[in-house]
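Chain residues, written in single-letter form:
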Amino acid sequence: MRSDDPRCVHLEAAGWMVVSQSWAAQVTASSVDHEVLFEAVQRARHHGDVREVEDGDLESVLALDSVTLADYPGGVATRHTPLTTSTARVTPTRRGFGVFDGGGRALAITYLDVDGPAAETDFTVVAAPFRGLGFGTAVKAASLLGLLREGVDVFRTGGAEGNSAILHANQSLGYVVDEKWLTLSPRSDAETR
Ligand SMILES: CC(C)(COP(=O)(O)OP(=O)(O)OC[C@H]1O[C@@H](n2cnc3c(N)ncnc32)[C@H](O)[C@@H]1OP(=O)(O)O)[C@@H](O)C(=O)NCCC(=O)NCCS
């Protein structure tokens, strides 16, 4: 539940424990700096093709997902659900943006669910050997640029407390943290973790 939910105090008094924390953030069309987004995409272009995920990318997207499943920090609230052929397939409301090498291998991807003027990031991942090169920031910037062009106005995202890389990537693109979430567990469950 949200950290400002009054029920948290009662639950903690009743012995529940905070087992993980997370945050949510938002950026809107009126607050993005297009120059910052272009620069973030440009930086990754030195290493690969930064573009929207297409039907032909299905296999390479699934391959990147399967080798990175254990890499997501956090608890149940931020758990990544492994992609299936159905959830990896892009549609007008299920969109993906990635960095691809010359052979079409996905090095980084982000997926978003779009609902009219609002988009919510599902997940973002970079292949382990390519982390720290700006790819995570680049795919998120590409998603903003691509969807802003289509009239999407509000972008939401989130992550686990302590996942500094994704927090910094989002903040550098204009996302502002506006919610903190707590995952609570009855003491007996929490103590056996
Ligand atoms: C999170 C992830 C997508 C970030 O991608 P990345 O390409 O490594 O990140 P970038 O190189 O774009 O760096 C983004 C920011 O984080 C910082 N950063 C990078 N790696 C970091 C690390 N290990 N610890 C702390 N900060 C880090 C960078 O300096 C940069 O900050 P800045 O903009 O203030 O300079 C990547 O680490 C990953 O795939 N992690 C596993 C899956 C995951 O946790 N996904 C996010 C939840 S959906």
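In short, a report on the structure. Residue positions are given per chain, counting from 1 as you read along its sequence in written order. With the structure being a predicted model, the display of local features is reserved for residues of pLDDT at least 70 and the display and counting of side-chain atom pairs for 80 or more, all residues being used for whole-chain, interface and lining totals.

### Here we look at the overall build of the chain
Alright, step 1. Helix and strand content of the chain: seven helices and seven strands.
Alright, step 2. In DSSP terms, a helix is any run of H or I states spanning at least four residues, a strand is any run of E spanning at least two, and both are numbered starting from the N terminus. Its helices and strands in sequence order give the chain the pattern α-β-α-β-α-α-β-β-β-α-β-α-β-α, from N to C terminus.
Alright, step 3. The size measure is the radius of gyration over C-alpha atoms, and the globule rule it meets is 2.2 Å times the number of residues to the 0.38 power. For 193 residues, the compact-globule estimate of 2.2 N^0.38 gives 16 Å, and the chain sits close to it at 18 Å.
Alright, step 4. Residues with at least 20 other C-beta atoms within 10 Å of their own are called buried, those with 12 or fewer are called exposed, and the rest are partly exposed. The C-beta atoms themselves are positioned from the backbone. Counting only residues that meet the buried cut, the chain has 32% of its 193 residues in that class.
Alright, step 5. Throughout, a pair of residues is in contact if the C-beta atoms placed from their backbones lie within 7 Å. Within the chain, residue pairs in contact and separated by at least 24 positions form 76% of the contacts whose partners lie at least 6 positions apart.

### What to know about the site of the ligand
Alright, step 1. In the vicinity of the ligand lie 22 residues, with Arg131, Gly136, Thr137, Ser164 and His168 positioned nearest.
Alright, step 2. Those elements that provide at least two residues to the shell around the ligand are strand S5 (118–126), helix H5 (135–149) and helix H6 (164–172).
Alright, step 3. With six residues, H6 is the largest single contributor of residues to the shell around the ligand.
Alright, step 4. By residue class, the composition of the shell around the ligand is 10 nonpolar, 10 polar and two charged. Here is the check we use: build the C-beta atom from the backbone, and if it is within 6 Å of the molecule or strand, call the residue near. We call Asp, Glu, Lys and Arg charged. Ala, Val, Leu, Ile, Met, Phe, Trp, Tyr, Cys and Pro are nonpolar, and the rest, Gly among them, are polar.

### Re the packing of H5 against H6
Alright, step 1. Fitted lines through C-alpha atoms serve as axes, helices being fitted only where they are in contact, and the angles separating the N-to-C directions of these axes extend from 0 to 180 degrees. In the contact formed by H5 and H6, the axes pass within 9 Å of each other and the chain directions differ by 45 degrees. With respect to H6, the element H5 is oriented oblique. Considering how the two elements wind past one another, H5 and H6 form a crossing that is right-handed. Only Ala165, Ile166, Ala169, Asn170 and Ser172 of H6 make contact with H5, whose side of the interface consists of Gly136, Thr137 and Lys140. Note that the term roughly parallel is reserved for angles under 35 degrees, roughly antiparallel for angles over 145, roughly perpendicular for angles of 65 to 115, and oblique for everything else. Two helices crossing with the near one rotated counterclockwise from the far one by less than a right angle form a left-handed crossing, whereas a clockwise rotation gives a right-handed crossing.

### Points about the pairing of S5
Alright, step 1. Inspection of the sheet shows strand S4 (residues 106–115) paired to S5 by eight bridges, in the antiparallel sense. Paired with Thr110 across the two strands is Thr124, which belongs to S5.
Alright, step 2. Taken together, the three bridges between S5 and strand S6 (residues 154–160) define a ladder with parallel strand orientation. The residue of S6 that forms the bridge with Ala119 is Phe155.
Alright, step 3. When the strands point away from the viewer and the path from the first strand over the helix to the second turns clockwise, the crossover is right-handed. With H5 bridging S5 and the parallel S6, this β-α-β connection has right-handed handedness. Whether two strands pair comes down to DSSP finding at least two bridges between them.

### Some words on the environment of Thr84
Alright, step 1. Within the element layout of this structure, Thr84 appears in the loop between helix H3 (58–67) and helix H4 (85–88).
Alright, step 2. Taking the C-alpha atoms as reference points, Thr84 and Ala44, separated by 40 residues in sequence, lie 27 Å from one another.

### A word on the sheet that holds strand S7 (residues 176–185)
Alright, step 1. Read across the open sheet, the seven strands follow the order S2-S3-S4-S5-S6-S1-S7; overall the sheet is mixed. Both edges of this open sheet fall to strand S2 (49–52) and S7, since each of them pairs with a single strand only. Within this sheet the neighbouring strands show an average axis-to-axis angle of 20 degrees, counted without direction.
Alright, step 2. Strand contacts of H3: strand S3 (94–100), S4 and S5, with the helix running at about 100 degrees to S4, the strand carrying the most contacts.

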